[in-house]
Amino acid sequence: MSDFHRPSLPGQGLFEALAHDTDPAEVAAAGHRIAHLLVRGPIDRDDRDLVDRVLHLSDAEGLGVIAELWSHAPPDTLSGALWRLYLLRQWVHADPVRVSRAFEEGRARAQVARVVAGVADPPGPDQLRAMVDEVLRGIATGDFADLLFRASAFARVVAAGHATGEASHDEVSRMLATAEQLEAAGHLELAGRLG
């Protein structure tokens, strides 16, 4: 029998405990459980209550409080994929003019059909924000793999736009790495192995 137990979730107690060096394994387990519920949906009434508490907390404290639970998750996990989606969302919110300019420049340069197979039209900045917001608010209604591929295509188009303009080589490299991680997560999701 495993020593794993379900962590207390979430509420002010969890986040206060995080500030006092809670066991990293418990933090990771809490983040994984929340990610699973937001993407896969609740199974029973207790899960529905937990999702409601998570969403209330995100409304009151901001999504960053919850997303922080995913910040150390590997990119090939559900939590890690959500962290990367959250970072893209935050980046778009923080600098919408620059992102929009890079996206438009990238669309003119990137051959979208080659950006990510199966994504004929990558989402723009506003569409990306809306897609990620739906998942992070626990109302994922579509195919999560498709969302990951579309976010990956967005990141690739923006990287192509950045490569021609004001971004540093490091920024372009990070954006491309994020795109590759999201695409790989999409393939894992399709195979039923994004855990």
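Up top is the structure these notes are about.
Sequence order as written defines the numbering, with residues in each chain counted from 1. Totals for whole chains, interfaces and linings use every residue, but because this is a predicted model, local features are given only for residues with pLDDT of at least 70 and side-chain atom pairs only at 80 or more, for both listing and counting. Computation of side-chain values: all heavy atoms of the structure, hydrogens and water removed.

Draft legend 1. Molecular detail of the layout of surface pockets. Definitions used throughout: a 1 Å grid over protein atoms alone; a cavity as a set of points that fits a 1.4 Å probe which cannot get out; a pocket as an open set with protein on both sides within 12 Å along at least five of seven lines; a lining residue as one with an atom within 4 Å of a point. Grid points are joined across faces, edges and corners, and a volume is the space filled by probe spheres set on the points. When its volume is computed, the second largest pocket comes out at roughly 220 Å³. Arg84, Leu87, Leu88, Trp91, His162, Glu171, Arg174, Met175 and Thr178 together form the lining of the second largest pocket. In this description a helix means any DSSP run of H or I spanning at least four residues, a strand means any run of E spanning at least two, and both kinds are numbered starting from the N terminus. Among the elements of the structure, α5 (78-94) and α10 (169-190) are those that each provide at least two residues to the lining of the second largest pocket. Residues are grouped as follows: Ala, Val, Leu, Ile, Met, Phe, Trp, Tyr, Cys and Pro are nonpolar; Asp, Glu, Lys and Arg are charged; all remaining types, including Gly, are polar. Classifying every residue of the lining of the second largest pocket gives four nonpolar, two polar and three charged.

Draft legend 2. Up close: the environment of arginine 156. In this fold, arginine 156 is placed in helix α9 (residues 144-163). Exposure is judged per residue with a 1.4 Å probe applied to protein chains only, and the accessible area is read against the type maximum: over 50% gives exposed, under 20% gives buried, and values in between give partly exposed. By relative accessible area, arginine 156 is classed as buried at 17%. Taking the C-alpha atoms as reference, arginine 156 lies 5.8 Å from alanine 179; in sequence the two are 23 residues apart.

Draft legend 3. Structural view of the nonpolar core. We call a set of buried Ala, Val, Leu, Ile, Met, Phe, Trp, Tyr and Cys residues a nonpolar core when their side-chain atoms join them within 4.5 Å. Core analysis: the largest hydrophobic core is formed by 49 residues, its most contacted members being Trp70, Leu82, Leu85 and Phe144. Secondary structure elements with two or more residues in this core: α2 (24-40), α3 (45-61), α4 (63-67), α5, α6 (96-109), α8 (125-136), α9 and α10.

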